[in-house]
Amino acid sequence: MAYNEKVLDHYENPRNVGSLDKEDPQVGTGMVGAPACGDVMKLQIRVDDQGVISDAKFKTFGCGSAIASSSLVTEWLKGKSLDEALSIKNQQIADELALPPVKIHCSVLAEDAIKTAVSDYRKKQKALG
Amino acid sequence: MKLPIYMDYQATTPMDPRVLEEMLPWFVEKFGNPASRSHVFGWEADQAVEKAREQVAALLGADPREIVFTSGATESDNLAIQGVARFYQDKGQHIITPVTEHKAVLDTCRYLEAEGFSITYLPVQKNGLVDLDLLAASITDQTILVSIMAANNEIGVLQPLADIGQLCRQKKVLFHCDAAQGAGKMALNVDAMSMDLVSLSGHKIYGPKGVGALYVRRRPRVRLKPIIHGGGHERGMRSGTLPTPLLVGFGKACELAMQEMETENRHVLALRERLREGLFSQLTHLELNGDLQHRLAGNLNVSFGFVEGESMMMAIKDVAVSSGSACTSASLEPSYVLRALGVSEEQAHTSIRFGLGRFTTEEEVNFVIKTVVQAVNRLREMSPLWEMSQAGIDVNSVQWDAH
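Worth saying up front: this structure is predicted, and the values here are computed from it rather than measured.

How each quantity is defined
Residues numbered from 1 in each chain as written. Chains lettered and ligands numbered in written order. Predicted model: local features only at pLDDT ≥ 70, side-chain atom pairs only at ≥ 80, totals over all residues. pLDDT = per-residue confidence, 0-100. Helix = DSSP H or I, 4+ residues; strand = E, 2+ residues; numbered from the N terminus. Contact = placed C-beta atoms within 7 Å. Nonpolar A, V, L, I, M, F, W, Y, C, P; charged D, E, K, R; others polar. Domains from an automatic or database assignment. Expected span 1.5 Å × (residues − 1). Buried ≥ 20, exposed ≤ 12 C-beta atoms within 10 Å, placed from the backbone. Core = buried A, V, L, I, M, F, W, Y, C linked by C-beta atoms within 7 Å. Axes fitted to C-alpha atoms, helices over the stretch in contact; angles between N-to-C directions. Parallel < 35°, antiparallel > 145°, perpendicular 65-115°, else oblique. Left-handed = near helix turned anticlockwise from the far one by under 90°.

## Here we look at the confidence of the model for chain A
Then, in step 1: Looking at chain A, the pLDDT average stands at 95 and 98% of residues meet or exceed 70.
Then, in step 2: Predicted confidence in chain A is weakest over helix H1 (residues 5-12) of chain A, with a mean pLDDT of 94, and strongest over strand S3 (residues 53-61) of chain A, with 98.

## Observations concerning the interface of chain B and chain A
Then, in step 1: Every contact between the two is made by 22 residues of chain B and, on the other side, 22 residues of chain A.
Then, in step 2: Put simply, the parts of the chain that give the side of chain B that touches chain A at least two residues each are helix H8 (309-315), helix H10 (345-349) and helix H12 (384-390) of chain B.
Then, in step 3: In the side of chain B that touches chain A, the residues fall into 11 nonpolar, 5 polar and 6 charged.

## Structural notes on the domain arrangement of chain B
Residues and elements named next belong to chain B.
Then, in step 1: By domain assignment, chain B separates into domain 1 (5-10 + 261-390) and domain 2 (17-257).
Then, in step 2: Each partner contributes residues to the interface: domain 1 has 21 residues there, and domain 2 has 21 residues.
Then, in step 3: Mapped onto the side of domain 1 that touches domain 2, the elements with two or more residues apiece are helix H7 (244-282), strand S10 (299-304) and helix H9 (336-340).
Then, in step 4: Classifying every residue of the side of domain 1 that touches domain 2 gives 6 nonpolar, 11 polar and 4 charged.

## Some thoughts on helix H3 (residues 73-87) of chain B
Then, in step 1: Between its terminal C-alpha atoms H3(B) stretches 20 Å, which fits the 21 Å expected from 15 residues at 1.5 Å a residue.
Then, in step 2: H3(B) sits mainly inside the fold: 13 of its 15 residues count as buried.

## Regarding unusual backbone geometry
Then, in step 1: The omega torsion across Leu3(B) and Pro4(B) is -5°, close enough to zero to call that bond cis.
Then, in step 2: By the element assignment, Pro4(B) lies in the segment before strand S1 (5-6).
Then, in step 3: Residues Arg219(B) and Pro220(B) are joined by a peptide bond in cis, for which omega reads -15°.
Then, in step 4: With respect to the helices, strands and loops of the structure, Pro220(B) is situated in the loop between strand S8 (212-216) and H7.
Then, in step 5: Here the phi dihedral of Asn16(A) falls at roughly 60°; this positive angle occurs in a residue that is not glycine.
Then, in step 6: By the element assignment, Asn16(A) lies in the loop between H1 and strand S1 (27-34).
Then, in step 7: Residue Asn16(A) is classed as partly exposed on the basis of its C-beta count, with 18 C-beta atoms lying within 10 Å.
Then, in step 8: The phi torsion at Ala98(A) lies on the positive side, around 50°, for a residue other than glycine.
Then, in step 9: Along the polypeptide, Ala98(A) turns up in the loop between helix H4 (90-97) and helix H5 (104-128).
Then, in step 10: Take Ala98(A): there are 13 C-beta atoms within 10 Å of it, and that puts it in the partly exposed class.

## Some details on the nonpolar core
All names here are of chain B.
Then, in step 1: Membership of the largest hydrophobic core comes to 154 residues, with the highest contact counts inside it found for Ile95 and Tyr215.
Then, in step 2: For this core, the element with the highest residue contribution is H7, accounting for 12 residues.
Then, in step 3: Built from parts of two domains, this core gets at least three residues from each of domain 1 (5-10 + 261-390) and domain 2 (17-257).

## What about the packing of H4(A) against H5(A)?
Residues and elements named next belong to chain A.
Then, in step 1: As a packed pair, H4 and H5 sit with axes 8 Å apart at the nearest point and diverge in direction by 130°. By the angle between their axes, H4 is oblique relative to H5. Where H4 crosses over H5, the two elements pack in a sense that is right-handed. Seen from H4, the contacting residues are Asn90, Ile93 and Ala94; seen from H5, they are Ile104, Ser107, Val108, Ala110 and Glu111.
Then, in step 2: Along the lines of polarity and charge, the residues of the contact of H4 with H5 split into 5 nonpolar, 2 polar and 1 charged.

This is the structure in structure tokens:
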């Protein structure tokens with residue numbers, strides 16, 4: 001299978017690879033997928049005092065499309081509010097990267113990662129009162 | 001050195017230029033139908049076909065009259081298994097084959113199963129080899145055929161053919177061997193290995209695609225019900241006009257394989273070991289899949305822990321290899337061969353098959369080692385599993401949500 005140009009670009013020049021301190025109360029972490037299924041995504045967001053995502057990082061074990069999907073969402077997330085972040089749908093990711101049907105699950109995983117990261121952040125904030 | 005580098009010799013081999021040279025006159029100039037008995041066009045084609053038959057037979061230590069030409073190993077497997085099943089079904093309806101066989105064998109068995117035949121899919125040991133005791137215990141008075149490959153296409157392991165053949169002979173069960181990957185790379189002899197049926201392929205041994213053969217033993221005679229009818233070619237076992245140029249090429253490929261097997265195996269094995277040592281000395285968390293000793297010289301199947309196979313292939317795009325990862329196949333299931341060895345799904349997703357052969361060079365191997373090491377290091381930096389492993393977390397102990 002030949003890869004789409006945008007997938008290749010994100011794969012070869014992934015944006016925002018790395019980790020944030022997952023103990024930091026300003027950081028939300030989402031780890032989704034399973035090694036046995038061939039893809040695991042870790043997405044982290046840092047949320048500033050205004051409730052805006054100021055930084056996003058990812059690490060992904062998975063195919064090129066999975067890596068590209070997570071790289072793409074880290075770009076999209078920066079500067080967004082949490083509600084805006086939650087409005088990102090997998091179809092937008094799939095469309096942007098022109099993912100073939102067999103790779104749609106990569107975009108679903110990326111959407112799940114956003115949801116999990118936001119909910120982790122909110123849980124932490126709630127615990128702090 | 002030319003890029004990309006071909007390192008997928010178990011998928012197919014480039015044709016040897018010496019093979020092409022032999023074939024060329026048989027397309028335009030000498031185009032006769034070998035079945036034409038009434039003129040010189042047919043006679044010369046027939047002579048060429050019979051020479052090819054001798055060359056193919058010699059590779060197996062067989063009689064040329066025992067060679068049936070086909071379109072390739074898939075057809076040969078179908079003819080052998082279906083042909084035996086249908087001819088001997090009154091004797092018994094049980095067939096045994098290992099779970100790690102090629103799909104050409106497994107799917108044919110499944111097809112017969114749907115028709116009422118009973119199939120035992122034999123598990124293999126952790127190293128990929130058939131357990132002879134288990135095989136012996138699986139043979140019943142209903143068993144008519146055992147089908148076991150010479151060399152595995154994914155992990156390259158070589159089955160103990162002589163022992164299997166002896167066991168089958170003793171139990172009066174026919175032994176079919178898919179030798180598509182083994183032929184020309186290991187010494188095969190139908191008598192020493194007590195083989196009754198052997199499938200061969202042209203394009204795995206530097207010959208043309210679209211041609212193969214089935215060896216069918218004459219003494220004691222093995223009978224088959226044909227699956228292709230029309231004209232009674234190949235002693236009624238496989239009708240259809242013989243493709244003279246393909247057969248000439250196939251014959252030449254067999255001759256070259258036989259002449260050069262020893263030196264070629266030495267060359268290929270040295271390169272394979274260079275590759276293996278290069279990778280294992282520079283990277284940690286690697287697993288070799290399949291037995292190292294009983295293995296094709298040109299096969300290396302390695303799992304690169306925490307690095308998914310498809311992303312790895314993207315990272316080494318100048319090197320043509322294949323992966324046991326689900327992402328590379330239509331099925332979304334990781335390699336059934338690796339799973340049968342007890343390899344975890346996770347490890348199967350990280351496997352890469354390197355196939356080396358006649359035209360692989362040391363320079364290419366050096367380049368591949370360098371490229372793979374760089375890619376693995378880069379992808380591990382990107383892998384959350386690697387990060388966890390480095391932090392001392394056992395990835396297997398984590399509760400992952402299945403999806």
